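Structure assessment
One letter stands for each residue in the lines below.
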Amino acid sequence: MARHVVARAADIPVGGRKLVKIDGRSVVVFNLKGDFYALSDTCPHKGGSLSNGIISGLIESDGPGEYRHSRQGEIIRCPWHQWEFDIKTGRSWCDPRRLRLVKYDVAVEPGAKLVEGPYVAETFKVAIEDEYIVIEV
Amino acid sequence: MDIGRRSFLSGGATRLGKRPRIMKHCTGSGRTAIIEGGRVVSASSRDATAGENATSDHAAGSFKGAIDCDVHPRVPDILALKRYMNDHWRETVEVRGIEGFESIAYPNNAPLTTRPDAMTGKVRADDDVGRMAKALLDPQQFSLAICNCLYAVQMIRDEHLASAFARAVNDWVRHEWLDRDPRLRASIVVPIQNIELAVDEVNRCAEDKRFVQVLLLALGEQPLGKSMFWPIYRAAEKHGLTIGIHAGSSYHHAVTGSGWPSYYLEDYAAQSLGFHAQVGSLVAEGVFVKFPKLKAVLIESGVTWLPPYLWRLAKFWRGVRLEVPWIDRPPMEIVRDHIRLTIQPFDAPDNADTVRRVLDQLPSEEMLLFASDFPHWQYDGNAMLPSGIDAALRRKILIDNPKAAYPRLAL
């Protein structure tokens, strides 16, 4: 297991997402109201890139013609077939037990701490005054 | 009056050949029945050479105690119905010279329409309760049979006339069939042209517990899941009636989505496409969410088309379920819990392994209900079940599944 510094926290605004590469893996990082979540970017259905998908709320219903909208911004839909995944858990809506995305642990660390190591920050410089997203893989 | 009849069948049978494959849905055991007085007295076939193939197991088996979920009493003529009309409608029939309503769904001379053992010369077994008993119920020793009268009430354009004919058909079935044979149950024919009148008819007939089902057709003017039909389902659920959807059409629209076909062969085969649409509609519109106790039986649908359609339905539901968020579990599960299918005809080759593989693809064995489809000619001789059905499943299909599908059979 290694911890990878993948982005400046400021690079992903609230409601945004960013595709990063970690040891050749595609990982998409979301910012939900200031909390960061990292999921594998590859849809387990046919391999669509989730980072290109629509972010939406959750639609539920109590009966025909009734629509209950909640959890605005917490669902990512694959751009290819629109299957829905819960950003917080990586689980699909239609088959949450068997069909899910790999979920990675994410931390936001101050640059001052990162400079001390032992972190992997291959692609950009870390500044002491900034905060960074660190993913454990 | 003979609405919608195309000049099919004086020559149609010839065109299709003596034994068109359309009736050879399954079974096809190659048997030749010997008929005497409308009763099968013996059958010669390769079944006689026991062990030659798996067909022998079921063909030799008894159907004693079975519940036949699809038999067709035929209204012999307009006089039979006039007896059950009030003065106004009786006079209307006379003054207008209405001779009756027949659709082209089962043309008289088409080989599918009447089994040879349902005929004695020109006398048919399906327009008299005694003759049907003698040709089917007695020799087979069925415990119960559900009468689905296919008189073409659904074709009539005038909804009030349709209502009068539906009432007459139901009262004719009640008095001429149910009252005369305790083994018989029946479906309620409704004037689907007017939902209020249809509900009235359901409520009127439901007082008689021998009516166990509301009969609808696979091809109508709107998909059956639409909310305009819900009052019928509400009434059915309240009375413990099952919804039966039988092959057939109001013939108000073409029987395919691409217009009218040329031949009866296409017309009959297209019925299964109608069933596809009805299953999709019932599921997507949320009928079984709204009426969780309701069951729908697909009668004479052919059965084996269903699994591939459900795979398609399930796959696309995952992507577009936002349209129908009330469908909160895979359509396969909803169909498993609410849809049943009569097993006659069963579209598959006569090969036990193939049949078993097809059956494995159905969501559940509880879905299959026994039916003879008498007097339609869906099988030869006595081969009323497809090959490859073991004893345990056979019992479910013949007895347990029908009982579960029709709560009123227990009354």
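Presented here is an overview of the structure given in this document. Predicted, not measured: the structure shown is a model, and the values here were computed from it.

Helix and strand counts for chain B stand at 14 helices and 12 strands. The buried share among the 411 residues of chain B stands at 50%. Taking all contacts inside chain B whose residues are at least 6 apart in sequence as the whole, residues at least 24 apart take part in 82%.

Turn by turn, an α-helix covers 3.6 residues, leaving residues three or four places apart pointing in a common direction. Residue and element names in this part refer to chain B. Within helix α8 (residues 230-239), the full set of buried residues consists of I232, Y233, A235 and A236. Buried positions in α8, seen along its axis, are confined to an arc of 160° and lie on one side of it. In this structure, the buried residues of α8 make contact with α7 (195-206), β8 (211-219), β9 (242-249) and α10 (287-290).

Residue and element names in this part refer to chain B. In space, the 8 strands of this open sheet follow the order β3-β6-β7-β8-β9-β10-β11-β12, with parallel pairing throughout. Single-partner strands in this sheet number two, and they are β3 (67-71) and β12 (368-369). Of the pairings in the sheet, the one linking β9 to strand β10 (residues 296-299) comprises 4 bridges and is parallel in character. Note that in β10 the partner of H246 across the bridge is I299. Most of the contacts of helix α9 (residues 264-284) go to β8, to which it runs at about 115°, and overall it touches β8, β9, β10 and β11 (339-342).

The next point concerns the sheet that holds strand β4 (residues 35-40) of chain A. All names here are of chain A. Overall, antiparallel pairing links the 6 strands, which are arranged β1-β9-β8-β4-β3-β2 in an open sheet. Two strands lie at the open edges of the sheet, namely β1 (3-8) and β2 (17-22), each paired on one side alone. Neighbour to neighbour, the strand axes of the sheet diverge by 30° on average, direction disregarded. Inspection of the sheet shows β4 paired to strand β8 (residues 103-110) by 2 bridges, in the antiparallel sense. Residue pairing across strands places A38 opposite Y104, the latter belonging to β8.

This paragraph deals with the nonpolar core. One recurring pattern in soluble globular proteins is that nonpolar side chains are buried together. In terms of nonpolar packing, the biggest core is built from 117 residues, with V169 and V202 of chain B touching the most fellow members. Membership of the second largest hydrophobic core comes to 25 residues, among which are V27, A38, C94 and L114 of chain A.

This next bit is on the packing of α7 of chain B against α8 of chain B. Residue and element names in this part refer to chain B. Where α7 meets α8, the axes come as close as 9 Å, and the angle between the chain directions of the two elements is 10°. Taken together, α7 and α8 sit at an angle that is classed as roughly parallel. Each of I195, A198, V199, V202, N203 and A206 in α7 lies in contact with α8, whose residues at this interface are P231, I232, A235, A236 and H239. Residues belonging to the contact of α7 with α8 are distributed by class as follows: 9 nonpolar, 2 polar and no charged.

Of note, the amide linkage connecting Q344 of chain B to P345 of chain B takes the cis form, showing an omega dihedral of 0°. Among the structural elements, P345 of chain B can be located in the loop between β11 and α13 (352-361). In this model, F374 of chain B is joined to P375 of chain B through a cis peptide bond whose omega is 5°. With a phi angle near 50°, D23 of chain A is a residue other than glycine that sits in the positive phi range. Note on placement: D23 of chain A falls in the loop between β2 and β3 (25-32). With phi around 60°, D373 of chain B is a residue other than glycine that occupies positive phi space.

Attention now moves to the interface of chain A and chain B. Contacts between chain A and chain B engage 10 residues on the former and 11 residues on the latter. A breakdown of the residues in the side of chain A that touches chain B according to their chemical character gives 5 nonpolar, 4 polar and 1 charged.

Moving on: the environment of R77 of chain A. Residue and element names in this part refer to chain A. Within the secondary structure, R77 sits in strand β6 (residues 68-77). Residue classification places R77 among the buried residues on the basis of 20 C-beta atoms within 10 Å. Put simply, R77 and N52 are 25 residues apart on the chain and 8.8 Å apart in space, counted from C-alpha to C-alpha. Among all residues touching R77, those that are not within four sequence positions of it are G53, I54, S56, Q82, W83 and E84.

Quick notes on the rules
- Residues numbered from 1 in each chain as written.
- Chains lettered and ligands numbered in written order.
- Predicted model: local features only at pLDDT ≥ 70, side-chain atom pairs only at ≥ 80, totals over all residues.
- Helix = DSSP H or I, 4+ residues; strand = E, 2+ residues; numbered from the N terminus.
- Buried ≥ 20, exposed ≤ 12 C-beta atoms within 10 Å, placed from the backbone.
- Contact = placed C-beta atoms within 7 Å.
- Arc of directions from axis to C-beta.
- Pairing = 2+ DSSP bridges.
- Axes fitted to C-alpha atoms, helices over the stretch in contact; angles between N-to-C directions.
- Core = buried A, V, L, I, M, F, W, Y, C linked by C-beta atoms within 7 Å.
- Parallel < 35°, antiparallel > 145°, perpendicular 65-115°, else oblique.
- Nonpolar A, V, L, I, M, F, W, Y, C, P; charged D, E, K, R; others polar.

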